[in-house]
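# A look at the structure
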Amino acid sequence: MPHSTTDHIIELKLKKLYHKDKASIEELLNSRAGRNLLPYEIVFNDQVDWEKLKDSFPELSEYYHKACVIYSNYRYLIRRNKPLPTVKEKMKQEDVGKFFEALRALE
């Protein structure tokens with residue numbers, strides 16, 4: 001699948017888990033590994049304006065919402081310059097382990 005020159009390349013925070021330093025939003029959305037990591041990348045990577053990217057990539061909305069749920073449940077463990085919106089929703093149990101795996105991958 002050819003990529004256009006308007007690909008949004010981001011510097012990944014979870015590069016240890018994705019095994020790459022950089023990836024395009026399209027690449028993350030089109031791979032299973034990328035989709036699995038995307039909510040956690042949103043949580044930990046505040047260098048990217050995810051709010052703005054949601055306008056260009058509507059499919060990001062569900063991952064952004066999941067990131068807001070994660071952030072709301074564990075904001076005391078997450079360092080961000082710009083906080084994510086707070087959502088009063090509990091995380092799914094299977095996401096808790098993934099969160100701590102992502103947190104460990106940052107170090």
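Summarised in this report is the structure supplied together with it. Just so it is clear, the structure is predicted and the values come from calculations on it, not from any experiment. (Residues numbered from 1 in each chain as written. Predicted model: local features only at pLDDT ≥ 70, side-chain atom pairs only at ≥ 80, totals over all residues. Heavy atoms only, no water.)

## Considerations on the packing of helix H3 (residues 32-44) against helix H5 (residues 60-74)
Running from N to C, H3 and H5 cross one another at 55°; their axes reach a closest spacing of 8 Å. As judged from the angle between their axes, H3 and H5 are oblique. Crossing of H3 against H5: the hand is right-handed. Here H3 contributes Arg35, Leu38, Pro39, Tyr40, Ile42 and Val43 to the contact with H5, which in turn contributes Leu60, Tyr63, Tyr64, Lys66, Ala67, Ile70 and Tyr71. Classifying every residue of the contact of H3 with H5 by side-chain character gives 11 nonpolar, no polar and 2 charged. (Axes fitted to C-alpha atoms, helices over the stretch in contact; angles between N-to-C directions. Helix = DSSP H or I, 4+ residues; strand = E, 2+ residues; numbered from the N terminus. Parallel < 35°, antiparallel > 145°, perpendicular 65-115°, else oblique. Left-handed = near helix turned anticlockwise from the far one by under 90°. Contact = heavy atoms within 4.5 Å. Nonpolar A, V, L, I, M, F, W, Y, C, P; charged D, E, K, R; others polar.)

## Considering helix H6 (residues 93-105)
The end-to-end C-alpha distance of H6 is 19 Å, a good match for the 18 Å that 13 residues give at a rise of 1.5 Å each. Within H6 the residues assigned to the buried category are Asp95, Val96, Phe99, Ala102 and Ala105. Where the residues of H6 are buried, they touch helix H1 (15-18), H3 and H5. (Expected span 1.5 Å × (residues − 1). Buried < 20%, exposed > 50% of the residue type's maximum accessible area, 1.4 Å probe, protein only.)

## Brief notes about the packing of aromatic side chains
Considering all chains together, one arrives at 5 aromatic pairs under this definition. Here the aromatic rings of tyrosine 74 and phenylalanine 99 are separated by 4.6 Å at their centres, their planes lie at 10°, and the arrangement is stacked. Taken together, the residues tyrosine 74 in helix H5 and phenylalanine 99 in helix H6 connect sequence positions 25 residues apart. Phenylalanine 99 matches tyrosine 74 in its accessibility class, with the two residues each being buried. Where tyrosine 74 meets phenylalanine 100, the ring centres are 5.3 Å apart and the plane angle is 80°; that geometry is what we call edge-to-face. Within this pair, whereas tyrosine 74 is found in helix H5, its partner phenylalanine 100 is found in helix H6, the two being separated by 26 residues in sequence. Through successive ring pairs, a cluster of aromatic residues spans Phe44, Tyr74, Tyr76, Phe99 and Phe100. (Phe/Tyr/Trp six-rings, centres within 6.5 Å; stacked < 30°, edge-to-face > 60°.)

This is a description of form; function is not addressed.
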